[in-house]
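Given next are the chains, with one letter for each unit.
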Amino acid sequence: MDCVIIVDSREYETAEEVIKWVKRLGCSVIPRKLDIGDYVLPNDIGVERKRAMDFISSIVDGRLFEQGRELLHAFSKAYVIVEGDLWRALNRRDVHKHSVLGALGMLVDMGIRVLYTPDEEGTAYTLKSLAERAGSKGIKAVPVKRGETIRDAQIQFLSSLPGIGPKRAEALLRVFGTPLDALNNLGQWTRKVDNINEGIVSLVRKVLTTKYGDEENSVVIPIDEAIKEVNNSRGDTDNKEDKKARDSINNRRNLMDFLGDK
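Residue numbers here run from 1 along each chain, matching the order of that chain's written sequence. Under the rules for a predicted model, residues below a pLDDT of 70 receive no local features and side-chain atom pairs below 80 are neither given nor counted, while totals for whole chains, interfaces and linings still include all residues. Side-chain measures were taken over the full set of non-hydrogen atoms in the model, leaving aside hydrogen atoms and water.

The next point concerns the overall build of the protein. A count of helices and strands for the protein gives 15 helices and 6 strands. Between buried and exposed lies partly exposed: a residue is buried under 20% and exposed over 50% of the maximum accessible area for its type, with that area taken using a 1.4 Å probe on protein chains only. A buried classification covers 44% of the 262 residues belonging to the protein. Sequence separation of at least 24 residues holds for 70% of the intrachain contacts in the protein that already meet a minimum separation of 6. When the accessible surface of the protein is summed, it comes to about 14,400 Å², and 48% of that surface belongs to carbon and sulfur atoms. Every helix listed is a DSSP run of H or I at least four residues long, and every strand listed is a run of E at least two residues long, numbered separately from the N terminus. Here, two residues are considered to be in contact whenever any of their heavy atoms come within 4.5 Å of each other. Here, Shrake-Rupley sampling with a 1.4 Å probe gives the accessible areas, and only protein chains in the shown set may cover a residue.

Next comes the structure, spelled out in structure tokens:
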């Protein structure tokens, strides 16, 4: 059975080891500019690949769930591949393991299949296995994002601020109405919007008020610390989500279970 995989052109340039192994395993690789996902497989399957550190970063900035929703809307089956040792990477970031477990559980609840691979070779083999098991229907079309609306642009603008992300951006817009009004009322964010603390507000204020070219521009923004404070403030409400996430993960440890239809 022929193995054909479409890969995003940017991924094709940055994931050289994965592409090398995919070709070595006998698959044909077609680079294309993809708006959604990193890989498109036969039978309408979309795959987002995340190195372990990038997976953690995408939780912090909110990209993970936005990308997950796009995958679900665009493909019949959506996969996220987490490549590398996630827990070792976690030790290098000031992010609590409960945040990662909760994110993994949320992906599963959304209907996204989560796969773990040890390295680039493992990722390549997983892609090959998925492509071969998908059948012979081939790849009919590559989905594209719909045109951006003003609402999309507003959410994207606020999401780009440190510690905000799409979910908090929408919450700000619901409270203040427009991005301009939200920024003009920065001092009221902690009182009127859930899950935004003084740490996040301080980071946003620094981005908005620091003059371009100042020495301070080169300082790394400590987003992880601000997010951690928000997560710690949630208290016991996270415990149920953590248990649900752990149960979901334990039920999905076997790779072949992921690869088969359910």
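Attention now goes to the side chain of Ser 159. With respect to the helices, strands and loops of the structure, Ser 159 is situated in helix 8 (residues 150–159). With relative accessibility at 16%, the residue Ser 159 sits in the buried group. Any pair of N or O atoms that falls within 3.5 Å is considered a polar contact. Within protein, one atom must be able to donate a hydrogen and the other to accept it, and sequence-neighbouring residues count only if both atoms are side-chain atoms. Engagement of the side chain of Ser 159 in a polar contact is seen with the backbone oxygen of Ile 155, the distance being 2.6 Å. Contacts of Ser 159, omitting those with residues within four sequence positions, involve Ile 164, Gly 165, Pro 166 and Ala 169.

Our focus in this paragraph is the environment of Lys 206. As for its placement among the helices and strands, Lys 206 is situated in helix 12 (residues 198–209). The exposure class of Lys 206 is partly exposed, given its relative accessible area of 41%. Expressed as a C-alpha distance, the spacing of Lys 206 and Pro 162, which sit 44 residues apart in the sequence, is 9.8 Å.

Turning to the nonpolar core, a few remarks are in order. Throughout this description, the term nonpolar core refers to a set of buried Ala, Val, Leu, Ile, Met, Phe, Trp, Tyr and Cys residues connected via side-chain atoms within 4.5 Å. By size, the foremost hydrophobic cluster in this structure holds 28 residues, and its most contacted members are Phe 55, Leu 64, Leu 86, Val 100 and Leu 107. Looking at this core, the elements that each hand over two or more residues are helix 3 (52–61), helix 4 (63–74), strand 5 (77–83), helix 5 (86–90) and helix 6 (97–110). Excluding its chain neighbours within four sequence positions, the residues that come into contact with Phe 55 are Lys 50, Leu 64, Val 80, Val 82, Leu 86, Val 100, Leu 104 and Leu 107. Ile 5, Val 29, Tyr 39 and Leu 127 belong to the second largest nonpolar core, which has 21 residues in total.

The subject of this paragraph is the state of the cysteines. When two cysteine sulfur atoms lie within 2.5 Å, the pair is treated as a disulfide. Within the structure shown, the criterion is met by 1 disulfide. One disulfide in the model links Cys 3 with Cys 27; its S-S distance is 2.0 Å. Note on the Cys 3 and Cys 27 pair: the S-S dihedral is about 85 degrees, so by sign convention the disulfide is right-handed. One end of the pair, Cys 3, is in the segment before strand 1 (4–8); the other, Cys 27, is in the loop between helix 2 (16–24) and strand 2 (28–32), with 24 residues separating them in the sequence.

Among the 5 residues that make up strand 6 (residues 113–117), 4 are buried, leaving the element largely enclosed by the rest of the structure. The rule for pairing is simple: two strands pair if DSSP sees at least two bridges between them. With 5 bridges connecting them, strand 5 and strand 6 associate as parallel partners. Across the sheet, residue Glu 83 finds its bridge partner in strand 6, namely Thr 117.

Working convention: axes come from line fits to C-alpha atoms, limited for helices to the stretch in contact. Angles between N-to-C directions cover 0 to 180 degrees. Between helix 2 and helix 7 (residues 120–133), the least distance of the axes is 8 Å, while the angle of their chain directions is 50 degrees. One finds that helix 2 runs oblique with respect to helix 7. The interaxial crossing formed by helix 2 with helix 7 has right-handed handedness. Contact residues: helix 2 offers Glu 17, Val 18, Trp 21 and Val 22, while helix 7 offers Glu 120, Glu 121, Thr 123, Ala 124 and Leu 127. Here the contact of helix 2 with helix 7 is composed, by residue class, of 5 nonpolar, 1 polar and 3 charged. Here is the rule for angles: anything less than 35 degrees is roughly parallel, anything more than 145 is roughly antiparallel, 65 through 115 is roughly perpendicular, and the remaining ranges are oblique. The sense of a crossing depends on the near helix, which, turned anticlockwise from the far helix by less than a right angle, makes the crossing left-handed and, turned clockwise, makes it right-handed. Throughout, the ten residues Ala, Val, Leu, Ile, Met, Phe, Trp, Tyr, Cys and Pro are labelled nonpolar, Asp, Glu, Lys and Arg are labelled charged, and all others, Gly among them, are labelled polar.

Leaving glycine aside, a negative phi is the common case for residues, and trans is the common case for peptide bonds. Phi angles above zero are rare outside glycine, and Asn 43 is one such case at about 65 degrees. Turning to its location among the elements, Asn 43 is positioned in the loop between strand 3 (39–41) and strand 4 (45–51). Positive phi values are uncommon outside glycine, yet Asp 44 reaches one of about 60 degrees.

Our focus in this paragraph is the confidence of the model for the protein. Confidence scores per residue from the predictor, reported as pLDDT, run from 0 to 100. Per-residue confidence for the protein gives a mean pLDDT of 81, with 76% of residues at or over 70. Put simply, helix 15 (residues 255–259) is where the protein has its lowest mean pLDDT, 45, and strand 6 is where it has its highest, 96. Note that pLDDT drops below 50 for residues 236–262; the model gives that stretch 33 contacts with residues more than four away or on any other chain.

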